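# Fold and geometry: a report
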Amino acid sequence: MSARIERVGVVGAGRMGAGIAEICARAGLDTVVCEADATAARGARERVAASLDRAVDKGKVTASAAQDALPRLVFTGTLQDLADRQLVVEAVVENAAAKTEVFAALDKIVEDPEAVLATNTSSLPVMRLGMATRSADRVVGLHFFNPVPVLPLVEVVPSLHTSAGTVAAVEAFATGTLGKTVVRSRDRAGFVVNALLVPYVLAAVRMAESGFATAADIDAGMELGCAHPMGPLKLADLIGLDTLASIAESLYDEFREPLYAPPPLLQRMVQAGLLGRKSGRGFHVYGRG
């Protein structure tokens, strides 16, 4: 891409998508956020506004900067409103079919042949998503970390088809425009961070499942004994147990190693709707809202 990226689209505005939209608006970019419908789009706007308010309260953003950011955001329930975007970041649920459907649609909607189509997937093959389009050379993994406005890292993941120009464009965008630090990974399940992190978190789930130690003691052990800022089961709750299970399944499908297999307890909690912070209960109990 020869032009600087100034018009960004985000598809999906859950915790991750809302965070990506927020940092784009804070960076001065014209940002269109697409949700499933108009009602979901209104909810997305409220999430971003609340996040900006929290950033002001914590002194991370000035009140004037927050006030400037919100008008740069347009929320819609229609994918066609992304037609003029230079970069679209997909951030829908961690499900291959759902993501493939989004990329197939964006391929027909986004007009600029040089526009980059990026996925925020945690674990799914970028190649699979790229092959849902007619231009896999412009599809790339752009994996942010939660919470997006706070954590400085982005993984850039090219597939075998991704062009060098696409990689250069998203790296320049992530570092120069958003101020993030980039690590590059090959297109393999889990990329760099989750390939290392998920087996550790799953080991903590198995420890709790066996009754070897309580969730509170497991987390305290790693926080106080290893200086981790958050214990593994609190981290699982933050990620979302459904998302964690999906990442684990992707890793296990690719490598067939037992350390990647989602433990039965994790699967049962997902079936019960005990998804962590977003549901109010996971390995720990949280207030809703």
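Computed from a predicted structure; not experimentally measured. (Residues numbered from 1 in each chain as written. Predicted model: local features only at pLDDT ≥ 70, side-chain atom pairs only at ≥ 80, totals over all residues. Heavy atoms only, no water.)

### So, the overall build of the protein chain
The condition is simple: Runs of E in the DSSP output that reach at least two residues are strands. Runs of H or I that reach at least four are helices, and both are numbered from the N terminus. To get the radius of gyration, use the C-alpha atoms; to get the globule rule, take the number of residues to the power 0.38 and multiply by 2.2 Å. Remark: exposure states derive from per-residue accessible area (1.4 Å probe, protein chains only) relative to the maximum for the residue type, with buried under 20%, exposed over 50%, and partly exposed in between. The criterion used for residue contact is that any of the two residues' heavy atoms lie within 4.5 Å. Within this scheme the basic residues Lys and Arg register as positive and the acidic residues Asp and Glu register as negative, but His and the chain ends are omitted. By convention, charge coordinates are those of NZ in Lys, CZ in Arg, CG in Asp, or CD in Glu.
Scanning the protein chain from terminus to terminus reveals eleven helices and eight strands. A compact globule built from 289 residues should have a C-alpha radius of gyration of about 19 Å, and the protein chain, at 19 Å, falls within 12% of that. Overall size of the protein chain, expressed as C-alpha extent along the three principal axes, is 55 × 45 × 35 Å. Residues classed as buried in the protein chain amount to 48% of the 289 residues present. Residue pairs at least 24 apart in sequence account for 68% of intrachain contacts in the protein chain once pairs closer than 6 positions are excluded. Treating the 29 positive side-chain charges of the protein chain as one cloud and the 32 negative ones as another, the clouds have centres 3 Å apart.

### A word on the nonpolar core
For clarity, the threshold we go by: The set of buried Ala, Val, Leu, Ile, Met, Phe, Trp, Tyr and Cys residues whose side-chain atoms join them within 4.5 Å is what this entry labels a nonpolar core.
Counting 39 residues, the largest nonpolar core has Val-8, Ile-20, Leu-73, Leu-87, Leu-142, Phe-144 and Phe-173 as its most contacted members. If sequence neighbours within four positions are ignored, Phe-173 has contacts with Ile-5, Val-8, Cys-24, Leu-29, Leu-87 and Leu-178. Counting residues in hydrophobic clusters, the runner-up holds 23 residues, among them Ala-215, Leu-241, Tyr-260 and Phe-283.

### Observations regarding the side chain of Thr-133
Rules: Within 3.5 Å is the distance limit for a polar contact, defined as a pair of N or O atoms, with the added protein rule that one can donate a hydrogen and the other accept it, and that residues adjacent in sequence qualify only through two side-chain atoms.
Looking at the element boundaries, Thr-133 is found in the loop between α5 (126-130) and β6 (139-144). Classification of Thr-133 by relative accessible area gives buried; the value is 11%. Here Gly-130 takes part through its backbone oxygen, which lies 2.7 Å from a polar atom of the side chain of Thr-133. Within polar-contact distance, the side chain of Thr-133 engages the backbone nitrogen of Ser-135 at 3.1 Å. Not counting residues within four places of it along the chain, the set of residues in contact with Thr-133 comprises Phe-103, Asp-107, Leu-117 and Val-139.

### Quick word on the pattern of salt bridges
Heads up, the condition is: One speaks of a salt bridge when a side-chain nitrogen belonging to Lys or Arg is within 4 Å of a carboxyl oxygen belonging to Asp or Glu.
Inspection of every chain in the model, using the stated rule, returns 13 salt bridges. With a shortest N-O distance of 3.0 Å, Glu-171 and Arg-184 are connected by a salt bridge. In this pair, Glu-171 sits in helix α6 (residues 164-177) while Arg-184 sits in strand β8 (residues 181-184), placing the two residues 13 residues apart along the sequence. Using a relative accessible area of 51% as the deciding quantity, one classes Arg-184 as exposed. Overlapping salt bridges, with partners in common, bring together Asp-30, Asp-84 and Arg-85 in one network.

### Some details on the pairing of strand β7 (residues 153-158)
Stated formally: Pairing between strands is defined by DSSP: at least two bridges between them are needed. Seen with its strands pointing away from the viewer, a crossover is right-handed when the path leading from the first strand over the helix to the second is clockwise.
Buried residues dominate β7, accounting for five of its six residues. Relative to β7, β6 runs antiparallel, the two sharing five bridges. Paired with Phe-144 across the two strands is Val-154, which belongs to β7. Summarising the sheet, β7 and β8 pair through four bridges and their orientation is parallel. Along β8, the bridge assignment pairs Val-154 with Val-182. Viewed along the sheet, the connection from β7 through α6 into β8 turns out right-handed.

### Re the sheet that holds β8
Spelled out, the test is: Interaxial angle, 0 to 180 degrees, is taken between N-to-C directions of lines fitted to C-alpha atoms, where a helix line uses only the stretch in contact.
The eight strands lie next to each other as β3-β2-β1-β4-β5-β6-β7-β8, forming an open sheet whose pairing is mixed. With one partner strand each, in any of the chains shown, β3 (73-76) and β8 form the two edges of the open sheet. Strand after strand, the sheet turns through a mean of 25° between neighbouring axes, direction not considered. Alignment of strand β1 (residues 7-11) against strand β2 (residues 30-34), held across five bridges, turns out to be parallel. The residue bridging Gly-9 from the neighbouring strand is Val-32, located in β2. Relative to β8, α6 is tilted by about 150°, and along the sheet it contacts β1, β4 (87-90), β5 (116-119), β6, β7 and β8.

### A short note on a positive patch on the surface
Note the cut-off: Here a patch means residues that are over 30% exposed by relative accessible area and free of salt bridges, tied together within 9 Å if like-charged and within 5 Å if nonpolar (Val, Leu, Ile, Met, Phe, Trp, Tyr). Areas reported here follow the Shrake-Rupley algorithm with a probe of radius 1.4 Å; residue values treat only the protein chains shown as occluding.
On the surface, Arg-15, Arg-54, Lys-58, Lys-60 and Arg-277 cluster together into a patch of positive charge. Here Lys-60 shows up in the loop between α2 (38-57) and α3 (63-69).

### Notes on the packing of helix α9 (residues 232-239) against helix α10 (residues 241-255)
This is how the line gets drawn: Here the angle decides the label: under 35 degrees means roughly parallel, over 145 means roughly antiparallel, 65 to 115 means roughly perpendicular, and every other value means oblique. Residue type decides the class: Asp, Glu, Lys and Arg count as charged, Ala, Val, Leu, Ile, Met, Phe, Trp, Tyr, Cys and Pro as nonpolar, and the leftover types, Gly among them, as polar.
Contact geometry of α9 with α10 gives a least axis separation of 6 Å together with a crossing angle of 95°. Overall, the two elements α9 and α10 adopt an arrangement that is roughly perpendicular. Mapping the contact onto sequence places Ala-236, Asp-237 and Ile-239 in α9 and Leu-241, Thr-243 and Leu-244 in α10. Grouping the constituent residues of the contact of α9 with α10 by class yields four nonpolar, one polar and one charged.

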